[in-house]
Protein chains: 2
Amino acid sequence: MRRGKILNTPAIRRMPTYLHKLLKMRLEGKVSVSSTELAEYMNIELIVVRKDIALTGISGQRRVGYDINELIKYIKNYLGWQNTISATLIGAGSLGSALLGYDDFNHYGFGIESVFDSDPAKIGKEIRGREVFDIDSIESRLKNAPPDVAVICVSSAAAQQVADRLVALGIKYIWSFANVALQVPPGVVVQREVIAGGLAMLGVRMKLDRDHDTGTAFD
Amino acid sequence: MRRGKILNTPAIRRMPTYLHKLLKMRLEGKVSVSSTELAEYMNIELIVVRKDIALTGISGQRRVGYDINELIKYIKNYLGWQNTISATLIGAGSLGSALLGYDDFNHYGFGIESVFDSDPAKIGKEIRGREVFDIDSIESRLKNAPPDVAVICVSSAAAQQVADRLVALGIKYIWSFANVALQVPPGVVVQREVIAGGLAMLGVRMKLDRDHDTGTAFD
């Protein structure tokens with residue numbers, strides 16, 4: 001099933017950054033925040049912040065700003081993060097380890113409950129307090145209660161084979177950091193993170209700057 | 001300076017995935033590829049692939065498809081990757097290590113030439129063949145030839161201070177993996193990678209599916 005396109009992608013991808021800031025402000029004892037403050041922090045236009053926040057369904061209180069607690073609740077609700085999302089991580093290399101150490105996941109209700117790898121040097125070891133299991137035990141370990149999400153942090157060459165096994169287990173949401181397009185049956189959602197995507201964006205910006213500099217040299 | 005918004009962000013972010021596939025096909029001895037093949041691989045609409053490819057400026061040859069060598073050249077040129085981009089990496093933790101081990105960077109002309117960290121346990125050690133330098137030596141080591149790009153892989157709490165030092169060194173492009181909005185002066189570009197952004201997208205998709213399932217239960 002090719003689903004309906006998700007609108008508001010850039011806004012959705014900004015939500016964790018708002019959330020990070022709001023959680024930090026709350027820890028600092030603040031109770032309200034204005035959209036102007038958020039726009040300055042995010043370095044984006046005020047109107048964009050207002051639209052982002054409106055997506056969550058919160059009603060703004062123009063004069064006193066938004067109640068931080070409320071806004072956190074609305075953002076989490078918008079992202080479906082008010083519930084706990086269970087996950088398994090495949091690939092305990094450096095990227096996998098980085099994700100295991102990503103502190104904010106706790107605030108997002110995202111819990112990586114198991115870790116698998118095929119490398120005998122890693123199997124049985126602990127990474128950030130979690131035991132690494134043999135990938136060949138994934139079926140027996142997860143078949144009775146497959147998690148909501150599987151995170152793929154294996155090499156591009158191994159990713160498709162891993163995805164096939166996850167799909168066979170009934171896992172419906174795959175968050176993949178492999179730089180390949182995974183082939184999955186209808187009903188399975190793959191969220192692909194292309195790490196080099198940011199580098200592509202930077203490359204285009206640098207090129208625009210160079211072209212601009214060259215251009216003004218002839219003024 | 002708040003620059004003009006870069007259009008085509010999703011297309012630009014897809015480019016590394018096309019490139020990965022094309023480089024692989026070339027290694028397999030293939031010489032041409034059709035937009036249909038690419039659409040099937042990417043699991044996106046044909047029209048989207050055609051638009052993506054048109055952005056690079058290549059002229060299509062409908063019957064025989066695109067020449068793979070040519071298409072690689074056009075994509076690299078579009079992304080400004082035909083030149084070498086020099087970089088320094090700040091933060092040699094697991095995410096930094098993952099980036100150092102990202103094989104495709106070589107194909108993209110992206111070279112991380114130096115690595116810095118503040119952790120005495122890491123300074124002087126080698127990570128993936130590169131010596132980790134003391135962050136406090138960054139000014140003396142880079143002042144004569146600052147790299148094009150600095151990659152920030154330090155904690156959110158430390159990121160702003162690191163950014164200030166990079167800006168003082170004259171580095172104009174920052175690729176930041178810290179989950180904070182960095183404040184930089186006009187003329188400096190920050191490309192922020194919000195790792196949790198993909199999780200936000202997944203959360204919204206899961207919520208849509210749940211709402212849909214609930215909806216159909218009443219049909």
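Residues numbered from 1 in each chain as written. Chains lettered and ligands numbered in written order. Predicted model: local features only at pLDDT ≥ 70, side-chain atom pairs only at ≥ 80, totals over all residues. Heavy atoms only, no water.

Draft legend 1. Just the overall build of chain A, in detail. What chain A contains, in helices and strands, is 9 helices and 9 strands. Dimensions of chain A along its principal axes, counting C-alpha atoms only, are 55 × 50 × 35 Å. For chain A, the proportion of its 219 residues judged to be buried stands at 49%. Counted over contacts in chain A with a minimum sequence separation of 6, partners at least 24 positions apart contribute 56%. Roughly 10,500 Å² of accessible area belongs to chain A as shown, and the carbon and sulfur atoms make up 51% of that amount. Computing the positive centroid from 27 side-chain charges and the negative centroid from 24, chain A places the two 5 Å apart. (Helix = DSSP H or I, 4+ residues; strand = E, 2+ residues; numbered from the N terminus. Buried < 20%, exposed > 50% of the residue type's maximum accessible area, 1.4 Å probe, protein only. Contact = heavy atoms within 4.5 Å. Areas by Shrake-Rupley, 256 points an atom, 1.4 Å probe, with all protein chains shown as cover. Lys, Arg positive; Asp, Glu negative; His and termini not counted. Charge placed at Lys NZ, Arg CZ, Asp CG, Glu CD.)

Draft legend 2. Spotlight on the sheet that holds strand β8 (residues 173–176) of chain A. All names here are of chain A. Pairing is mixed in the open sheet, where 7 strands are placed in the order β5-β6-β4-β3-β7-β8-β9. Of all strands in the sheet, those with a lone pairing partner are β5 (126–127) and β9 (189–192), marking the two edges. Relative to strand β6 (residues 130–134), strand β4 (residues 110–117) is paired through 3 bridges, and the arrangement is parallel. Residue pairing across strands places phenylalanine 116 opposite phenylalanine 133, the latter belonging to β6. Seen against the sheet, helix α8 (residues 156–168) touches β3 (85–90), β7 (149–152) and β8 and runs at an angle of roughly 170° to β7. (Pairing = 2+ DSSP bridges. Axes fitted to C-alpha atoms, helices over the stretch in contact; angles between N-to-C directions.)

Draft legend 3. Spatial organisation of the relation of the copies chain A and chain B. It takes a turn of 180° to lay chain A on chain B, together with a shift of 0.0 Å along the axis; the resulting RMSD is 0.0 Å. The symmetry that links the two subunits is that of a two-fold axis. Looking at the rotation axis and the C-alpha trace of chain A, the residue lying nearest is serine 94 of chain A, at 2.4 Å. Of the interface residues in chain A, 98% have counterparts in chain B that sit at the interface too, so the contact is made through matching surfaces. (Least-squares fit on C-alpha atoms with pLDDT ≥ 70 in both.)

Draft legend 4. Seen up close, the sheet that holds strand β5 (residues 126–127) of chain B. Residue and element names in this part refer to chain B. Sheet architecture is open: 7 strands sit in the order β5-β6-β4-β3-β7-β8-β9, paired in mixed fashion. If you trace the sheet from one side to the other, it starts and ends with β5 and β9 (189–192), each paired once. Bridge count for strand β3 (residues 85–90) against strand β7 (residues 149–152) is 4 bridges, and the pairing is parallel. Its bridge partner lying in β7, threonine 88 is registered against alanine 150.

Draft legend 5. Structural context of the pairing of β3 of chain A. Residues and elements named next belong to chain A. Of all 6 residues that make up β3, 6 are buried, and the element is covered over most of its length. Where burial is concerned, the two faces of β3 agree: the one with Ile85, Ala87 and Leu89 and the one with Ser86, Thr88 and Ile90 are both buried. Of the pairings in the sheet, the one linking β3 to β4 comprises 6 bridges and is parallel in character. Note on β4: the bridge partner recorded for leucine 89 is valine 115.

Draft legend 6. Fine view of the interface of chain A and chain B. In this complex, chain A contributes 65 residues to the contact, which on the side of chain B involves 64 residues. Both sides of the chain A and chain B interface together cover about 6,100 Å² of buried area, and 61% of this is carbon and sulfur. The interface formed by chain A and chain B holds 0 salt bridges in total. Scanning the region where chain A abuts chain B turns up 18 residue pairs in polar contact (both at pLDDT 80 or more). When contributions to the side of chain A that touches chain B are tallied by element, the ones reaching two or more residues are α1 (9–27), α2 (35–42), α4 (68–78), α5 (94–100), α6 (104–107), β8, β9 and α9 (196–216) of chain A. (Buried area = accessible area lost by both parts, 1.4 Å probe. Salt bridge = Lys/Arg side-chain N within 4 Å of Asp/Glu carboxyl O. Polar contact = N/O pair within 3.5 Å; in protein donor to acceptor, adjacent residues only side chain to side chain.)

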